[in-house]
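If you want the building blocks of each chain, they are given just below.
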Amino acid sequence: MTITILLLLALLAANLPWFSERLFYLLPLKSPRKALGWCLLELVLLYFIIGAVAIAVEQSSVGQVAKQGWEFYAITFSLFVVFAFPGFVYRYLWHKP
């Protein structure tokens with residue numbers, strides 16, 4: 001059950017940058033539309049935040065955190081980018097402002 005909640009949280013977090021014109025939903029930007037670079041920056045930062053939540057969940061449920069190599073992080077970041085695809089499609093390919 002915990003893994004399902006964590007995956008749903010990652011799916012939600014990966015799509016957050018695409019649905020707001022504010023930076024991190026807090027800071028208004030000078031331009032009327034948020035640039036792709038800001039969305040990608042938010043995506044990377046949200047990846048690290050979800051990773052920290054996952055490490056905390058692993059620490060609390062198992063009692064220790066397993067060591068991972070760079071391959072694990074490359075795969076999880078790729079999965080996070082795939083999770084962000086619906087929001088990207090909505091913002092740039094489907095949604096007409």
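It should be noted that the structure appears before, not after, this text.
First, a word on scope: everything that follows refers to the structure included in this document. This structure is a prediction, so every number in the text was calculated from the model and none was measured. (Residues numbered from 1 in each chain as written. Predicted model: local features only at pLDDT ≥ 70, side-chain atom pairs only at ≥ 80, totals over all residues. Heavy atoms only, no water.)

Examining the nonpolar core
- Listed in full, the 12 residues of the largest apolar core are A10, A13, A14, W18, C39, L43, L46, Y47, I50, F80, F83 and A84.
- Secondary-structure elements contributing two or more residues to this core are α1 (2-15), α2 (36-62) and α3 (70-83).
- Tallying contributions element by element places α2 first for this core, with five residues.
- Those residues in contact with F83 that lie beyond four places of it in its chain are L7, A10, L11, A14 and N15. (Core = buried A, V, L, I, M, F, W, Y, C linked by side-chain atoms within 4.5 Å. Buried < 20%, exposed > 50% of the residue type's maximum accessible area, 1.4 Å probe, protein only. Helix = DSSP H or I, 4+ residues; strand = E, 2+ residues; numbered from the N terminus. Contact = heavy atoms within 4.5 Å.)

A short note on the environment of L36
- Assignment of secondary structure puts L36 in helix α2.
- Along the backbone, L36 and W18 are 18 residues apart, and their C-alpha atoms lie at a distance of 9.0 Å.
- Leaving out residues up to four positions away in the same chain, L36 has contacts with W18, F88 and Y92.

Structural notes on the pattern of salt bridges
- Tallied over the full model, the rule gives three salt bridges.
- With a closest N to O distance of 3.1 Å, R91 and E21 form a salt bridge. Residue R91 is found in helix α4 (residues 85-94), and its partner E21 is found in the loop between α1 and α2; the two are separated by 70 residues along the sequence.
- Take R91: its relative accessible area is 6%, and that puts it in the buried class.
- A residue is classified by how much of its surface remains accessible, and E21, at 30% relative accessible area, is partly exposed.
- For E42, the salt bridge goes to K34, with nearest N and O atoms at 2.8 Å.
- For E42, a relative accessible area of 3% corresponds to the buried category.
- According to the relative accessible area criterion, K34 is buried, its value standing at 3%. (Salt bridge = Lys/Arg side-chain N within 4 Å of Asp/Glu carboxyl O.)

What about the packing of α2 against α3?
- The geometry of α2 relative to α3 is characterised by a closest axis approach of 11 Å and an angle of 120° between their N-to-C directions. Looking at the two axes, α2 sits oblique to α3. Relative to α3, the crossing made by α2 is right-handed. Residues L43, V44, L46, Y47 and I50 of α2 form the contact with α3, whose participating residues are Y73, T76, F77, F80 and V81.
- Partitioned by chemical class, the residues of the contact of α2 with α3 number nine nonpolar, one polar and no charged. (Axes fitted to C-alpha atoms, helices over the stretch in contact; angles between N-to-C directions. Parallel < 35°, antiparallel > 145°, perpendicular 65-115°, else oblique. Left-handed = near helix turned anticlockwise from the far one by under 90°. Nonpolar A, V, L, I, M, F, W, Y, C, P; charged D, E, K, R; others polar.)

Focus: the packing of aromatic side chains
- What the rule picks out here adds up to nine aromatic pairs.
- Judged by centre distance (5.5 Å) and plane angle (85°), the ring pair of W18 and F88 falls under edge-to-face. Residue W18 is located in the loop between α1 and α2, and its partner F88 is located in helix α4; the two are separated by 70 residues in the primary sequence.
- Of the residues examined, F88 reaches a relative accessible area of 28% and is grouped as partly exposed.
- Among the aromatic residues, those joined into a ring-pair cluster are Y47, F48, F77 and F80. (Phe/Tyr/Trp six-rings, centres within 6.5 Å; stacked < 30°, edge-to-face > 60°.)

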